[in-house]
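Residues per chain are reported as follows:
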Amino acid sequence: MNSLKSALKLLAKGEFVCKVRFESEYEALATQEGQHQAQEWLSAVGYRLARLHDEGAFFMAYDESPTTDTRARIREELKTVRHRLMPYVGFFNLLREAQGSDPQLHAGDVVWLTEISEAVRNSSALERRLADMRELADNRVMDSGATVFRVQKMFKILEDAGYLQQTNEVSKGYTFTGKVDYLLQLIAFINENTPHISDEQVVDQIDPQARLEEAEAPEAGAA
């Protein structure tokens, strides 16, 4: 019961409750009873319990037509993803492809800070791509110290945003959380719907959260 209460508090804060970040809370929500209680609690304030697939993270979604305030928040989320997070996802996909791995990121994938830093140092194209990312910039252009700094900063940004969780402090191992599924769906939505129109026009035409959940998420209360 304490885990369920904790899960409800996390949902109310807008967190994505997955196995990687919040294991006990995720297990509480994974039960039929937990989902039923969460749905009752959320519906009282105009939200519903959602997830993108059977193993995905739980999160709260709007259960009413978006208000002016929620539309403004959606616009900001679209801008954040488009301008800040999409370049990092593209970088990881490119790196994995260069390593002969599946370029698509998945929740539960483990990445190692030292391994990523070494791979970038060994590729001038990857170094240049990382150096061109505005939020990772520093005064140095191309040297090993700058590369490590940029990789560390990228990991920190993704961790602070809830997409990465450090799971091995000694070896600097990080695991992608269930929230990355939502990020990838949102990026796909942006790519599909905003090639020639602004983020604001997209929000006015389609509520992206409703679009994602109707396409991917099971009904609340499903096992």
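Residues numbered from 1 in each chain as written. Predicted model: local features only at pLDDT ≥ 70, side-chain atom pairs only at ≥ 80, totals over all residues. Heavy atoms only, no water.

The next thing to look at is the side chain of Ser 117. One can find Ser 117 in helix α5 (residues 113-121). Overall, the relative accessible area of 3% leaves Ser 117 in the buried class. In this structure the side chain of Ser 117 is engaged in a polar contact, spanning 2.9 Å, whose partner is the backbone oxygen of Leu 113. Those residues in contact with Ser 117, other than ones at most four positions away along the chain, are Thr 147, Val 148 and Val 151. (Helix = DSSP H or I, 4+ residues; strand = E, 2+ residues; numbered from the N terminus. Buried < 20%, exposed > 50% of the residue type's maximum accessible area, 1.4 Å probe, protein only. Polar contact = N/O pair within 3.5 Å; in protein donor to acceptor, adjacent residues only side chain to side chain. Contact = heavy atoms within 4.5 Å.)

Right, let's talk about helix α1 (residues 2-12) for a bit. Within α1, burial applies to Leu 4, Ala 7, Leu 8, Leu 10 and Leu 11. For α1, the angular spread of the buried residues around the axis is 160°, confining them to a single face. Facing away from the buried side of α1, by more than 90 degrees, are the exposed residues Asn 2 and Lys 9. Gly 14, located one to two residues past α1, shows a positive phi value of around 90°. (Arc of directions from axis to C-beta.)

Quick look at the packing of aromatic side chains now. Within this structure, the stated rule accounts for 9 aromatic pairs. An aromatic cluster of three or more residues is present, and its members are Phe 91, Phe 92, Phe 155, Tyr 174 and Phe 176. Note that Lys 179 overlies the ring of Tyr 163, its terminal NZ or CZ placed 4.9 Å from the centroid. (Phe/Tyr/Trp six-rings, centres within 6.5 Å; stacked < 30°, edge-to-face > 60°. Lys NZ or Arg CZ within 6 Å of the ring centre and 35° of its normal.)

Summed over the entire model, instances satisfying the criterion amount to 7 salt bridges. Here Lys 79 ties to Glu 76 by a salt bridge, and the two come within 4.0 Å at their closest N and O atoms. Highlighted residues: Lys 79 and Glu 76, both in helix α4 (residues 68-98), separated by 3 residues, approximately one helical turn. Among the residues examined, Glu 76 registers a relative accessible area of 46% and is labelled partly exposed. Where Asp 109 meets Arg 96, a salt bridge forms, and the shortest distance between an N and an O atom there is 3.1 Å. Pair noted here: Asp 109 is in the loop between α4 and β3 (110-112) and Arg 96 is in helix α4, with a separation of 13 residues, a long-range link. A relative accessible area of 13% means that Arg 96 is categorised as buried. (Salt bridge = Lys/Arg side-chain N within 4 Å of Asp/Glu carboxyl O.)

Contact geometry for α1 and helix α3 (residues 32-43): axes closest at 11 Å, N-to-C directions at 40°. Here α3 runs oblique to α1, going by the angle between their axes. At the point where α1 passes α3, the crossing takes the right-handed sense. Every residue of α3 that contacts α1 at Leu 4, Leu 8, Leu 11 and Ala 12 is listed here: Gly 34, Gln 37, Ala 38, Trp 41 and Leu 42. Among the residues forming the contact of α1 with α3, the class breakdown is 7 nonpolar, 2 polar and no charged. (Axes fitted to C-alpha atoms, helices over the stretch in contact; angles between N-to-C directions. Parallel < 35°, antiparallel > 145°, perpendicular 65-115°, else oblique. Left-handed = near helix turned anticlockwise from the far one by under 90°. Nonpolar A, V, L, I, M, F, W, Y, C, P; charged D, E, K, R; others polar.)

Counting residues in each nonpolar core, the largest one holds 44 residues, and the members touching the most others are Phe 91, Phe 92, Met 154 and Phe 155. Listing elements by their share of this core, those giving two or more residues are β2 (59-62), α4, α5, α6 (124-131), α7 (144-160), β5 (173-176) and α8 (179-193). Looking at this core element by element, the count peaks at 9 residues for α4. With sequence-adjacent residues up to four places away left out, Met 154 is seen in contact with Tyr 88, Phe 91, Phe 92, Leu 130 and Leu 136. Ala 7, Val 17, Leu 29 and Met 60 belong to the second largest nonpolar core, which has 15 residues in total. (Core = buried A, V, L, I, M, F, W, Y, C linked by side-chain atoms within 4.5 Å.)

Moving on to the packing of α4 against α8. For the pair α4 and α8, the least separation of the axes is 10 Å and the interaxial angle reads 105°. Considering the angle they form, α4 stands roughly perpendicular to α8. Contact residues: α4 offers Glu 77, Leu 78, Val 81, Arg 82, Leu 85, Met 86 and Val 89, while α8 offers Tyr 182, Leu 183, Leu 184, Leu 186, Ile 187, Phe 189, Ile 190 and Asn 191. Residues belonging to the contact of α4 with α8 are distributed by class as follows: 12 nonpolar, 1 polar and 2 charged.

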